[in-house]
Amino acid sequence: MAESSLAQSEGLLALWHSYRLPLLVAISTVFFIVKAYRKSQTKAKTAASSSVPPSPRSQSPETTEKPRLGENEKPVIARKDSPPAKSSGPKRVSGKKPAKTSRRGEAGDAQPLTHIQPIIFFASLTGATERYANVLLEDMRAAAQKKADPENRERGLLPPQIHDLSYIDFDDFFTSAPKAPSTSPGTRYIYCLLIPTYNIDTVINTFLSHLDETHHDFRIDTGSLSTLAGYSVFGFGDKSEWPTEEEGFCSQAKELDRWMAKLTGKRRAYPLGFGDVNSDAEESLKEWSNGLQDIMSDILANGGLGEGVAGSGDPLESDEEDLDDEEGSDTKAKNKKNKPQAVMDLEDIKMGADGQATASPLPVDFTTAGKPAAPFQEAKEMVPTTSPTYAALTKQGYTIVGSHSGVKICRWTKSALRGRGSCYKYSFYGIRSHLCMEATPSLSCSNKCIFCWRHGTNPVGTTWRWKVDSPELIFNGVKEGHYKKIKMLRGVPGVRAERFAEAMRIRHCALSLVGEPIFYPHINRFLGMLHDEHISSFLVCNAQHPDQLEALHRVTQLYVSIDASNRESLRKIDRPLHRDFWERFQRCLDILREKRFVQRTVFRLTLVKGFNVDDEVIGYANLVEKALPCFVEIKGVTYCGTSTSAGAGLTMKNVPFYEEISEFVVALNKELERRGLKYGLAAEHAHSCCVLIASERFNVNGKWHTRIDYDRFFQLLEQEKADGTPFGPEDYTRETEEWAYWGNGGFDPNDERVYRKGKGPKAKVTEVEE
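Residues numbered from 1 in each chain as written. Predicted model: local features only at pLDDT ≥ 70, side-chain atom pairs only at ≥ 80, totals over all residues. Heavy atoms only, no water.

- For the protein chain, the name recorded in an unreviewed UniProt entry is tRNA 4-demethylwyosine synthase (AdoMet-dependent), with Aspergillus wentii DTO 134E9 as its organism.
- On record in UniProt, under Cofactor (unreviewed entry), the comment for the protein chain is "[4Fe-4S] cluster".
- Check the Catalytic activity (unreviewed entry) section of the UniProt entry for the protein chain; it says "N(1)-methylguanosine(37) in tRNA(Phe) + pyruvate + S-adenosyl-L-methionine = 4-demethylwyosine(37) in tRNA(Phe) + 5'-deoxyadenosine + L-methionine + CO2 + H2O". (UniProt positions renumbered as here; feature names shortened; annotations may be inferred.)

Structure below.
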């Protein structure tokens, strides 16, 4: 037994001597590793205690120990305004100010939220949505009064504002959120958007395109509206036409909700609401309004929307989004796994005898990225016969030709038929109004001018995306429509038989009815058809389509609307849809300067008191000096007397008196003379509140020659077509009648002047042209 124990001891000793060196090295290594790890942990804790305390939300479970709760205990939630817990150790001061934190991504807000300002936006063609918007306005106004606390006016719900999308500049509200007033820096805005859904082009399409462009504009933050307190959308639809959402019920409201979620950083205050205009629209709107008001109260109480549940405010709630933007990685992987993949080497693709690839996969276009192109869809009509736009325009007296053109009788045509005077174009250029047809090949426009008397019913757009009618269809259609309307006037008291007979032969065409005629893709072919029948062409454009203007063929007289002298004024008056509207405007002026010896070029200034009259003479003179037009027409705005104009800020107070027009014209003419530009006061038509400034090129032997020799124009045009002989504006002029000269009034003495009731020949304020 003793011998056995001795043998074991000798064996262990021998084993120790054999492996003692590796064991000692291993033990030492482990010791130093543990020591170094403890030292690094001590340094990390010291550095953390000397830096800015992290947000409680960013602390990990390892560094923040959560207390365990008993069965009946509830967690204590720190209020936003509660004082921070005192630290047991000394306060450490670092040279960095802690960042402010607030709810739902509101970090960095300079002021705590004290007031909520609801803003209601709506779009309406038939007036139904406007009525609902006013119902919501009154409902929220009552709620603001009810919740007002007379003892605490430093916090509360403000009375709502309301805006028609057709009469606002989108950049003011939807490129960046409005800033809080200096008197109430804690005010935050909530957008309440009410829109119907149409299957035609309306301002809603333009609005949605604006949101799309804003989101994808690299110069603008993708969350440019994230400073809003929230937003909510309510859509109106017609289930008799679109029974389900898949078939298009409230589709534009869904799209609007999606874009607002992107631009606001998912600040949906209340879910997207729907209402069927044939059944429950008002009830659904009331329920939606009550829910939204409750959310506003919560925002005021909590200072924000709160965190919400996972997915709250996610655009996916209203509609599907781009897979790359919204779907999670798990969903993507699942989709990729479920979808069969057909991978083929490009070298293996063989072409058949017909020139087509024999392999099934489509060739890859490496020049594009993103989602595959949508299948081809036939272009839709601009103004379908079943659309509200068609009904509104025909009610205003238009004859719609094809799908995007129109013709209408001007009131001056009726006046000339009765021997009561023609418009200013007769005084200035020799056009008898009863021989003139007012038409347009494009009812769409790229501006939303505040003085437009078309009631905001015509379509708007920046690019042509509709079905295109042939010039032949338009030409024959507008002539037929014009003649039918002339025939309808044969029974009007006072119509002169000889003038009625003359009116059945169109001699002039004013392409200035509504919309933008130069927008029509085949405008040059249409002009050629007018000239082939010896019908003169007076084309008016809004200086927003320089490419089309540059490519325009010869017209009898080319107008460009100059409604403002600077960028900001033009934005407020014309409300252009193009973001680069001022650059387009300037380029058009350059093109006009190049064409001044080929075309009779005209600036048409529409003066709107309070917008573009005061202190703008210098600016207008700059524009004249830049383009050097043949003529400058200065005319007072016509107030159409509609609620839409009033909504745009235009009232009768904005209509200048003729004395004010004359004063402005004299000042502008003096400024042009001071600059050495050779212009002069040529003619006037006081009846229309219109004055003509003409270039000295049209002053021959001391007499003005602003009128047009139309027969001579067509002779020169035919000669140019035959042998290429060029001609200019001075080659087809006629002397201006003396009664049309500046200072002589401009009313044709051969016609009978009829005054309005209560006004006589001595009245200072005369009728204003439509």
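## As for the overall build of the protein chain
Link 1 in the chain: The secondary structure content of the protein chain amounts to 21 helices and 20 strands.
Link 2 in the chain: In the protein chain, which comprises 770 residues, the proportion classed as buried is 46%.
Link 3 in the chain: When contacts within the protein chain are restricted to residue pairs at least 6 apart in sequence, long-range pairs at least 24 apart make up 77% of them.
Link 4 in the chain: In the form shown here, the protein chain has an accessible surface area of approximately 41,200 Å², with 53% of it arising from carbon and sulfur atoms. (Helix = DSSP H or I, 4+ residues; strand = E, 2+ residues; numbered from the N terminus. Buried < 20%, exposed > 50% of the residue type's maximum accessible area, 1.4 Å probe, protein only. Contact = heavy atoms within 4.5 Å. Areas by Shrake-Rupley, 256 points an atom, 1.4 Å probe, with all protein chains shown as cover.)

## Some remarks on the side chain of lysine 485
Link 1 in the chain: Examined against the element boundaries, lysine 485 turns out to sit in helix H12 (residues 471-487).
Link 2 in the chain: In this structure, lysine 485 is buried with no salt-bridge partner, the nearest side chain bearing the opposite charge being glutamate 438 at 11 Å.
Link 3 in the chain: At 3.3 Å, the side chain of lysine 485 and the side chain of threonine 399 are in polar contact.
Link 4 in the chain: With residues up to four places along the chain from it excluded, the contact list for lysine 485 reads Gly397, Tyr398, Thr399, Val407, Lys408 and Ile409. (Lys, Arg positive; Asp, Glu negative; His and termini not counted. Salt bridge = Lys/Arg side-chain N within 4 Å of Asp/Glu carboxyl O. Polar contact = N/O pair within 3.5 Å; in protein donor to acceptor, adjacent residues only side chain to side chain.)

## Focus on the packing of aromatic side chains
Link 1 in the chain: Overall, the coordinates contain 29 aromatic pairs when judged by the stated rule.
Link 2 in the chain: Residues phenylalanine 31 and phenylalanine 32 carry aromatic rings whose centres are separated by 5.7 Å and whose planes lie at 75° to one another, so their mutual orientation is edge-to-face.
Link 3 in the chain: The class for phenylalanine 31 is exposed, based on a relative accessible area of 53%.
Link 4 in the chain: Judged by relative accessible area, which is 55%, phenylalanine 32 ranks as exposed.
Link 5 in the chain: Relative to phenylalanine 714, the ring of phenylalanine 713 lies with its centre 5.2 Å away and its plane at 70°, an arrangement referred to as edge-to-face.
Link 6 in the chain: The class for phenylalanine 713 is buried, based on a relative accessible area of 0%.
Link 7 in the chain: On the basis of relative accessible area, phenylalanine 714 is assigned to the buried category, the value being 3%.
Link 8 in the chain: Clustering of aromatic rings is evident, with ring pairs tying together Tyr424, Phe428, Tyr429, Phe538, Tyr559, Phe631 and Phe698.
Link 9 in the chain: Between arginine 567 and the ring centre of phenylalanine 581, over which it is positioned, the NZ or CZ distance is 5.1 Å. (Phe/Tyr/Trp six-rings, centres within 6.5 Å; stacked < 30°, edge-to-face > 60°. Lys NZ or Arg CZ within 6 Å of the ring centre and 35° of its normal.)

## Remarks on helix H6 (residues 281-302)
Link 1 in the chain: Its 22 residues place the ends of H6 31 Å apart at the C-alpha level, agreeing with the 32 Å of an ideal helix rising 1.5 Å per residue.
Link 2 in the chain: All buried positions along H6 are accounted for by Ala281, Ser284, Leu285, Trp288, Ser289, Gly291, Leu292, Gln293, Met296, Ile299 and Leu300.
Link 3 in the chain: Looking at the buried residues of H6, the elements they touch are strand S1 (115-122), helix H2 (128-146), strand S2 (156-157), strand S4 (187-196), strand S5 (230-237) and strand S6 (273-276).
Link 4 in the chain: Of the residues flanking the end of H6, it is glycine 303, one or two places downstream, whose phi is positive at about 85°. (Expected span 1.5 Å × (residues − 1).)

## Things to note about the pairing of strand S15 (residues 679-685)
Link 1 in the chain: Among the seven residues of S15, six are classified as buried, and the element is accordingly described as predominantly covered.
Link 2 in the chain: Hairpin connection, S15 to strand S16 (residues 690-695): the antiparallel pair is bridged by four residues, and cysteine 689 has positive phi, about 55°. (Pairing = 2+ DSSP bridges.)

## A few points about the UniProt feature "transmembrane region" (unreviewed entry) in the protein chain
Link 1 in the chain: According to UniProt, the positions carrying the feature "transmembrane region" (unreviewed entry) are residues 19-37.
Link 2 in the chain: The straight-line gap between the two end C-alpha atoms of residues 19-37 is 28 Å; of that span, 100% is helix and 0% is strand.

## Re the pattern of salt bridges
Link 1 in the chain: Under the counting rule described, the total for this entry stands at 29 salt bridges.
Link 2 in the chain: Close ionic contact of arginine 499 with aspartate 751 constitutes a salt bridge, the shortest N to O distance being 2.8 Å. With arginine 499 in helix H13 (residues 497-503) and aspartate 751 in the segment after strand S20 (733-734), the pair connects residues that are 252 residues apart, well separated along the chain.
Link 3 in the chain: Using a relative accessible area of 8% as the deciding quantity, one classes arginine 499 as buried.
Link 4 in the chain: On the accessibility criterion, aspartate 751 (8% relative accessible area) is buried.
Link 5 in the chain: The closest approach of N and O atoms between arginine 507 and aspartate 711, which form a salt bridge, is 3.9 Å.

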